Amino acid sequence: MRRVFLLFGLIAAGAALAIWFADRPGMVTLQWAGFRFDTSAGVLFALVAVVAIGAAAMYRFWRFLRRAPRNLASARRARRRRQGYRFLTQGMVAVAAGDSSEAARLSKKADRLLQEPPLTMLLSAQAAQLDGDETAARRYFEAMLDEPDMAFLGVRGLLTQAIKAGDSAHALALAERAVALRPKTEWVIEELFAQQIAAADWDAADDTMLQAGRRKVLDPEIVRRRRAVLAVAQCAALDAAGDTGKATSDAMKSAERGCKLDPSLTPATTMLARLLAADGKIGKATRLIENAWRRDPHPELAAVYNTIDAKSGSTGSELDQVKRTQRLSGNNPDHAESHIALARAALSADLWGEARRHLDAVIGQADDESDVGARVYRLMADIEMAERSDAAAAGRWLAKASRPDESWICEACGAVHGAWRAVCGHCGGFDVLRWRTPRNLTPPAPDPADLLDPPLDASPAVLAPT
Ligand SMILES: [Zn+2]
């Protein structure tokens, strides 16, 4: 539409110009080198216009010719680049499909066409890996480290290789580098944490969690729980390191931190209570256990409570023990653990009726007799033997002991542990031990560390297949 208007405009202007010249006739005479040329002024103007238009067209053509080689080269480059990208894409598809020879062929083609190593390095590395050539893949990953944009991909490739090869020291160093490059990427943080746990470097793992919490990469509850478990692990390591004043005070600080971060973590409570009692802070240790008992009674709390009693300067008589246990269980009187602790104390003090009454209460609380843990029936059998030496009655109680006792079970691999620890000795999982009833009666081979750390109250007979 605009062109039509322009054309009409030009025709109108031309017509107006022609009329204007016709209204003002005049002659022009050109005389040069023996030639004479007579014409009207209008014709002369028309001639000048034609010459100017012709010159402009010539100039444009000359410019086109001059630029032609450059334009041709850049068109060729663009075509090569397009083709290179197509090979790169197809190569990635080949990698995804697991076709190693096709991937290698396409990566070479893409490399030749694109002439930009960073773009094709990843494809080449992946093709080499598919082909099982880890050495070539490592060379590509290492080359990527020098390219700022590719460094993370290089570190990631090398990290995967190190983990696969079981080279934990190298994997740890690479995970640290990966976190430095991308401190807000969750899997990178998790990988570094896993490597630090595998190296039993609790301090570094705690720092990783602290940073992850600050940067809001992980859920605050996860960070809190992990840091609590790490605090207990740190405390246990310091406690085992020796009896120097510094180690003891650091161990105490770790245990306190663990309790504060997760008050429901029984091992943190028992650890702190033991350290407090060893430091002569009997009242504080006692209150700590009593508070924990109110929340969540646990046989290990009762066991530590009894050792505190021995240090408290009491006569240590069985009757004193009963009184102490009554004070502890008073914090949660109806709980089965309270009854069991009282029954155990009463049995030691030869208070048969009292012991029976508490065990009956535990059995009465259960929906089914088979839901009662074996240790309750074992205590009943002990009473029969201690009071009347009645082996037949004791045998009848033991026959009912079908449900294994609760113990520290790894929820990842099912291994049964005699004592809590931050990392499962079987599968290496972190914070996977839970106080549960074993699901099957044939546990995997015992953790070698358990031999030094026998179960609190577990009879091997119960765990053996029936
Ligand atoms: Zn495990």
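Residues numbered from 1 in each chain as written. Predicted model: local features only at pLDDT ≥ 70, side-chain atom pairs only at ≥ 80, totals over all residues.

How should the overall build of the protein be read in this particular structure?
Counting its secondary structure elements, the protein contains 20 helices and five strands. Here the C-alpha radius of gyration of the protein, 44 Å, is well above what a compact globule of 466 residues would show, namely 23 Å. Principal-axis analysis of the C-alpha atoms gives the protein an extent of 155 × 50 × 50 Å. Per-residue burial over the protein gives 33% buried out of 466 residues. For the protein, restricting intrachain contacts to residue pairs at least 6 apart in sequence, the fraction spanning at least 24 positions comes to 47%. (Helix = DSSP H or I, 4+ residues; strand = E, 2+ residues; numbered from the N terminus. Rg over C-alpha atoms; globule rule 2.2 N^0.38 Å. Buried ≥ 20, exposed ≤ 12 C-beta atoms within 10 Å, placed from the backbone. Contact = placed C-beta atoms within 7 Å.)

How should I be thinking about the nonpolar core in this particular structure?
Burial of nonpolar side chains together is a common tendency in soluble globular proteins. Grouped together as the largest cluster of nonpolar side chains are 105 residues, with contacts concentrated most on V232, A255, A268, L272, A273 and I289. Looking at this core, the element that brings in the most residues is helix α10 (residues 220-241), giving 10 residues. Each of two domains, domain 1 (314-403) and domain 2 (405-466), supplies a minimum of three residues to this core. Non-local contacts of A255, meaning those with residues more than four positions away in its chain, are made with A231, V232, C235, A268, M271, L272 and L275. (Core = buried A, V, L, I, M, F, W, Y, C linked by C-beta atoms within 7 Å. Domains from an automatic or database assignment.)

How should I be thinking about the sheet that holds strand β3 (residues 407-410) in this particular structure?
Hydrogen bonds along the backbone pair up the strands of a sheet, which may run parallel or antiparallel. Taken together, the three strands give an open sheet; going across it, the order is β4-β3-β5, and neighbouring strands pair in antiparallel fashion. Looking along the sheet, the strands with just one partner apiece sit at the ends: β4 (416-417) and β5 (433-436). Examined bridge by bridge, β3 and β4 share two bridges and lie antiparallel to one another. From the neighbouring strand, I409 faces β4, where its bridge partner is V416. (Pairing = 2+ DSSP bridges.)

What is the right way to read helix α12 (residues 266-278) from this model?
The periodicity of an α-helix, 3.6 residues per turn, causes residues three or four places apart in sequence to face the same way. When the terminal C-alpha atoms of α12 are compared, their 18 Å separation across 13 residues agrees well with the 18 Å that a helix rising 1.5 Å per residue should span. The buried count for α12 comes to 12 of 13 residues, which makes it a mostly enclosed element. One or two residues past the end of α12 sits G280, with phi positive at roughly 85 degrees. (Expected span 1.5 Å × (residues − 1).)

Sorry if this is basic, but what is going on with the pairing of β3 here?
Successive side chains on a regular strand alternate, one facing one side of the sheet and the next facing the other. Direction of pairing for β3 relative to β5: antiparallel, over a ladder of four bridges. By the bridge assignment, C410 is partnered in β5 with L433. Here β3 hands over to β4 after five residues, with G414 in that stretch at a positive phi of 85 degrees.

Any chance you could explain the packing of α12 against helix α13 (residues 282-295) here in plain terms?
The description of two packed helices rests on the angle between their axes and on the distance between the axes. Taken N-terminus to C-terminus, the directions of α12 and α13 make an angle of 165 degrees; their axes are 8 Å apart at the nearest point. As summarised for this structure, α12 and α13 are arranged roughly antiparallel, according to the angle between their axes. When the axes of α12 and α13 are compared, the crossing they make is left-handed. Contacts from T266, T269, L272, A273, L276 and A277 in α12 reach I282, K284, A285, L288, I289 and A292 in α13. Residue classes in the contact of α12 with α13 are distributed as nine nonpolar, two polar and one charged. (Axes fitted to C-alpha atoms, helices over the stretch in contact; angles between N-to-C directions. Parallel < 35°, antiparallel > 145°, perpendicular 65-115°, else oblique. Left-handed = near helix turned anticlockwise from the far one by under 90°. Nonpolar A, V, L, I, M, F, W, Y, C, P; charged D, E, K, R; others polar.)

Which parts of the structure should I look at to understand helix α18 (residues 374-388)?
With 15 residues, α18 should reach 21 Å at 1.5 Å per residue; the first-to-last C-alpha distance of 21 Å fits that figure. All of the buried residues in α18 are A374, R375, V376, Y377, L379, M380, A381, I383 and E384. Trailing α18 by a residue or two, S389 shows a phi angle of about 50 degrees, which is positive.

When you look at the confidence of the model for the protein in this model, what are you seeing that I'm missing?
Any residue range with low pLDDT should be treated as having predicted coordinates unsuitable for detailed reading. Looking at the protein, pLDDT values average 87 and 92% of them are 70 or higher. Contacts from residues 451-466, a stretch scored under 50 in pLDDT, to residues over four places away or in other chains number 29 contacts. (pLDDT = per-residue confidence, 0-100.)

Any chance you could explain the pairing of strand β1 (residues 27-32) here in plain terms?
Burial within β1 is sparse, with just zero of its six residues counted as buried. As defined by bridge partners, β1 adjoins strand β2 (residues 35-40) across six bridges and the pair is classed as antiparallel. Note that in β2 the partner of Q31 across the bridge is R36. Taking the residues that link successive antiparallel strands as the turn, the β1-β2 hairpin has two residues, and the phi of A33 there is positive, at about 50 degrees.

Before we go on, may I ask you to explain the environment of R436 in this structure?
Turning to its location among the elements, R436 is positioned in strand β5. Taking the C-alpha atoms as reference points, R436 and A162, separated by 274 residues in sequence, lie 36 Å from one another. Contacts of R436, omitting those with residues within four sequence positions, involve E406 and I409.

Please explain the environment of L276 as it appears in this structure.
Mapped onto the secondary structure, L276 falls in helix α12. A tally of 22 C-beta atoms within 10 Å means that L276 is categorised as buried. Through-space distance from the C-alpha of L276 to that of M252 is 7.7 Å; in sequence the pair is 24 residues apart. In this structure, L276 is in contact with K281, K284, A285 and L288, ignoring residues within four places of it in sequence.

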